[in-house]
Amino acid sequence: MAAFNLDINGKKQTVDIDPKTPLLWVLREHLNLIGTKYGCGVAQCGACTVHLEGSAVRSCSLPVSAVANKKITTIEGLSANGDHPVQKAWLEHDVAQCGYCQTGQIMTAAALLKTNPNPSDAQIEAAMSGNICRCGTYLRIKEAIKTAANQK
Amino acid sequence: MTTIKELKMEKITSPSRRSFLKSSVLASGGLMISFSGLAKFMPDDKISTTNLAEQWNEITGYIKITSDNLIKILNPNPEFGQNVMTSLPMIVAEELDVDWQKVVIEMGPHDNVKLGPQFTGGSNSIRMYWKPLREAGAAARQMLREAAAQTWAVSVEEVTTKAGILIHEKSNKSGTYGEFASKAAANPIPKGVKLKEVKSFNTVRSSRKNVEGLKIVTGKPLFALDYKHKGMLIAMIEHPPAFGKKLKSFDASEALKMPGIKDVLSLQLYPEGYEQAAFDTRTFNDLLVVVGNTTWEVMNARKKLKVEWQPISESKEVVNGFRGKTEVVIPAEPETTTTQLAKMAEYAKKPAQQLRKDGDPEAAFAKAAQILERTYSAPFLAHNCMEPMNFFAHVTDEKALLIGPHQAPGWIEPTLSKILNLPPEKIEIQMSRMGGGFGLRAYGHYVVEAALISKKVKAPVKLVYSREDDMTYGIYRPMYTATYRAALDANKNLIAFHVKGGGIPEHPIHANRFPAGAVDNYLAEGWAIPSNITIGAFRAPRSNFNAAAEQSFLDELAELMGKDPIDFRLELLKRAKENPVGKNNEYDADRYAGVLKLVKEKSGWNNSENKKYSRGVAAYFCHNSYAAHVVDVVKKEGQPYVERVTSAIDCGVVINPNAAINMVQGALVDGIGNAFYGGLTHKDGASEQKNFNRYRMIRHKEAPQKIDVHFVENDIDPTGLGEPPFPPVFAAVANALYKDTGKRFYTQPFVNEVKSNS
């Protein structure tokens, strides 16, 4: 066990925890930030995507020891009221089916648009291909990303 | 710990409400709550209903209205992404005549008496609830009109409604539904209230956004995996590493020393000699369970378990299913994919069970000028719901609370009652939004497991499957094969058709489906090989393979006959319509032809501008609906890629068009993904794919650029949509790949052959 200072969604807090614990489980089981989902545990599905210093990362494969004092944003911190352009575009295109993977998709998409405000189709596909949607909403995800890009 | 509002069902204290569509008046008053901003109210807004229980007037089982005019519609059916949280309440809202924007939608409690079958499967949600929900809405509207008429002392015929307002024009009186709710609820439920004409619908047939959309995009706790409960422990099960094995002994001393671990225990899922109901699955009956404070701690402790596994012996299980009791043989031998394939080839040559015979197929084949024979096969498929299996249980000697993702709570309740020795009224099941289902969550093992663990450790417990646990547990889409034969006479007329299909451990054949009814001499046969690998329903069970094989075969047959594949199917359907062969043909030839004609038109099937595409067509009827797709393949980075799809669907009245399009698009992506990549193989009983690093799922860059969906417009009562678009995708892809590569694709997943071809 060790104490780690975490900076999550602009809030600084300390957790006393096994250093190897993945950020995903710290968020879900210690900080009650359950918007970040468990899907595979091996960085293959993207359901657990959060932002680390602004970049999309898979929190299931990132030990808490590696993220101390770094700026972390989860879906809960992406916007105050679900009004981030990506979230709004998701609602406009009514993207979700079961909805389980969508917070991870949104976090990946938001990170993409931050570095590339006007991505091409190929760039969207490349950036989003680490996120699985079992319901197959990929077409709407792409449309939503384009809509969000135009709003920025 | 927080209790999650979304998963907490409101309890209503009311006596004797056990019959369908019975009204009751609830004690009103007490609490004053302000509902400012109601006009802007979205169903996913933050109004707490926790303390409002006594203010709701229950008009019918599905509808509650407060005196303050808050209107709540309960969704009765489990939600797994098919969007019933939105579409079923839309049906109520249509007949009730309310402003959709002002309606609160809530997941209903599990109550089969008040809320009907509550079953998500077989593409039945809309079909099952269409009439009851319309009647409930219409009856409630009528009761409100009567209450207003009584109050205003006018004739009920003169009371009209408009978006939640009762109006008497002559006297210039009006009032909200809320004002009359308590009086209306005291009236008896009227029978035989006239329903609206389809053409006058305002809500149904116009698109409404997913009512849980905002919660989904903001990561609110909707799923059982997110649910927390005071004092809740986490449990995980260490399953055997392979089918054909079971627990022999274990040493938990090291695991118990791990931080956060409370207990390691073993228990039996079902007692000796237990007679299974249709959905009582038990891949592994002896369970080794680790219980601790958090998922991560339990995952770590599992690695410290020292377990000895032993081979199972051959056994027989009695399953009391929908078609009566059957005895299922579970062989002991661990299975390997190559051996399974060899065994299937061997079985395919043996005599099989005759499922349907028209005319004299043997004689027709004997005199045929030409015979086309092709064999198709497909592997086991794992459902891979994004939310792994999990369930919360708090079981005591007196009662049981179960919260989680399940497609059929009404089926699992009797099992829980037997296993827990509790009467059904002491078992409360709450339905969470499911992170996918695809058939898997109709089965009961993980619910019973959670309940038994809670009972044993005497604590609230959430059972969590890791992705690996989820993927290797079984309940797969079976492994299938089928050989199709067609006999042609000297003039290339189709004179006989034969399908012989088999699988591990069931055959896929639907003997009364197309082209049965369209060919004079027809034979369908099936065979099966017992297995210890467990199977279950997977999006359009059996159809998902039959359509793949049959519609590929028809494409090749049309080519041999020198006919356009769409025209050939239309000719067969014309025959089936005008002069059907045999009885019990399941499909409506006109509706089947209808989707083919529509997809032909909308895809520009004969347009020269589409020559740049390698095009494949397929159609299918299943689950009471009709689907046809044209798949357009191009080369992308040297590989065939499905760039575009045109779909035509006939599912009767479409409730929520934009959401319906979403579902069809999803079915296409799912089908393309499974056709190209899906498959689970085994070596000595162990699944060779345990996570998404080996089990390939379709990803963004492999999904089409465009999927155009067209619905046949009609006034036919709605049928399902979750499954019907899925089965024909496989064949449309195979047929397009043939145009692209010059090679027919008989073996799923196609990626192996695409690779060897390029």
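Residues numbered from 1 in each chain as written. Chains lettered and ligands numbered in written order. Predicted model: local features only at pLDDT ≥ 70, side-chain atom pairs only at ≥ 80, totals over all residues. Heavy atoms only, no water.

1. Details of the pairing of strand β23 (residues 494-504) of chain B
All names here are of chain B. Burial within β23 is extensive, with 11 of its 11 residues counted as buried. In this sheet, β23 lies alongside strand β22 (residues 479-488) in antiparallel orientation, the contact comprising 10 bridges. Residue pairing in the sheet places threonine 481 in a bridge with glycine 502 of β23. As consecutive antiparallel partners, β22 and β23 are separated by 5 residues, and within that stretch lysine 492 has a phi angle of approximately 60°, a positive value. Here β23 pairs with strand β24 (residues 521-528) via 8 bridges, running parallel. In the strand pairing of β24, glycine 501 is matched with glycine 526. (Buried < 20%, exposed > 50% of the residue type's maximum accessible area, 1.4 Å probe, protein only. Helix = DSSP H or I, 4+ residues; strand = E, 2+ residues; numbered from the N terminus. Pairing = 2+ DSSP bridges.)

2. Side note on the sheet that holds strand β1 (residues 57-60) of chain B
All names here are of chain B. Spatially, the 4 strands line up as an open sheet ordered β1-β2-β3-β4, and their pairing is mixed. Across the chains shown, the open sheet's two edge strands, defined by having one partner strand only, are β1 and β4 (103-107). Across this sheet, the average inter-strand angle for adjacent strands is 30°, counted without regard to direction. Here helix α1 (residues 84-96) sits on the sheet in contact with β2 (63-65), β3 (71-75) and β4, set at roughly 130° to β3. (Axes fitted to C-alpha atoms, helices over the stretch in contact; angles between N-to-C directions. Contact = heavy atoms within 4.5 Å.)

3. Notes on the confidence of the model for chain B
Should pLDDT be low for a region, the predicted coordinates there are not to be read in detail. In the predicted model, chain B carries a mean pLDDT of 92, and the fraction of residues at 70 or more is 92%. pLDDT under 50 marks residues 1-54 of chain B. Its contacts with residues more than four places away, or in other chains, come to 111 contacts. (pLDDT = per-residue confidence, 0-100.)

4. Quick look at the interface of chain A and chain B
Facing the 53 residues of chain A at the interface are 61 residues of chain B. Taken as a group, Gln97, Arg134 and Leu139 of chain A account for 17% of the area that chain A buries against chain B, more than any other trio of residues on that side. Our enumeration of links across chain A and chain B arrives at 4 salt bridges. With a shortest N-O distance of 2.5 Å, lysine 37 of chain A and aspartate 226 of chain B are connected by a salt bridge. Linking chain A with chain B are 28 residue pairs in polar contact (both at pLDDT 80 or more), by the criterion used here. Of all the secondary structure elements, the ones that give two or more residues to the side of chain A that touches chain B are α1 (23-30), α2 (75-78), α3 (85-92), α4 (102-115), α5 (121-128) and α6 (138-151) of chain A. By residue number, the principal contributor to the side of chain A that touches chain B is α6 of chain A, which donates 5 residues. Among the residues forming the side of chain A that touches chain B, the class breakdown is 21 nonpolar, 19 polar and 13 charged. (Buried area = accessible area lost by both parts, 1.4 Å probe. Salt bridge = Lys/Arg side-chain N within 4 Å of Asp/Glu carboxyl O. Polar contact = N/O pair within 3.5 Å; in protein donor to acceptor, adjacent residues only side chain to side chain. Nonpolar A, V, L, I, M, F, W, Y, C, P; charged D, E, K, R; others polar.)

5. Some words on the nonpolar core
In this structure, Trp90 and Ile145 of chain A together with Leu402, Leu416, Ile453, Phe711 and Val733 of chain B are the most contacted members of the largest nonpolar core, which totals 163 residues. Ranked by the residues each element gives to this core, the list is headed by helix α16 (residues 657-676) of chain B, at 9 residues. Apart from residues lying up to four places away in sequence, phenylalanine 711 of chain B is in contact with Leu598, Ile649, Cys651, Val654, Pro657, Ala660, Ile661, Val664 and Leu721 of chain B. Within the second largest apolar cluster, 52 residues are counted, among which are Ala540, Leu557, Ile566 and Ala589 of chain B. (Core = buried A, V, L, I, M, F, W, Y, C linked by side-chain atoms within 4.5 Å.)

6. Digging into the domain arrangement of chain B
All names here are of chain B. Under the domain assignment used here, chain B contains domain 1 (5-217), domain 2 (224-316 + 389-464) and domain 3 (538-757). Contact with domain 1, which involves 21 residues of that partner, is made by 20 residues of domain 2. Between domain 1 and domain 2, roughly 1,600 Å² of surface is buried when both sides are summed, and carbon and sulfur atoms account for 61% of that area. The closest approach of N and O atoms between glutamate 212 and arginine 433, which form a salt bridge, is 2.5 Å. At the boundary of domain 1 and domain 2, one finds 4 residue pairs in polar contact (both at pLDDT 80 or more). Looking at the side of domain 1 that touches domain 2, its residues break down into 10 nonpolar, 7 polar and 4 charged. (Domains from an automatic or database assignment.)

7. Quick notes on the pattern of salt bridges
Under the definition given, this model contains 49 salt bridges over all chains. A salt bridge links glutamate 556 of chain B to arginine 374 of chain B, with the nearest nitrogen and oxygen atoms 2.7 Å apart. One end of the pair, glutamate 556 of chain B, is in helix α13 (residues 543-561); the other, arginine 374 of chain B, is in strand β17 (residues 370-378), with 182 residues separating them in the sequence. Judged by its relative accessible area of 8%, glutamate 556 of chain B is buried. For arginine 374 of chain B, a relative accessible area of 28% gives the class partly exposed. Between glutamate 753 of chain B and lysine 743 of chain B there is a salt bridge, with the nearest N and O atoms lying 3.7 Å from each other. Highlighted residues: glutamate 753 of chain B in helix α18 (residues 751-757) and lysine 743 of chain B in the loop between α17 (727-741) and α18, separated in sequence by 10 residues. Exposure remark for glutamate 753 of chain B: the relative accessible area of 16% places this residue in the buried category. One salt-bridge network, held together by shared partners, links Asp121, Glu125, Lys142, Glu143 and Lys146 of chain A together with Lys636 of chain B.

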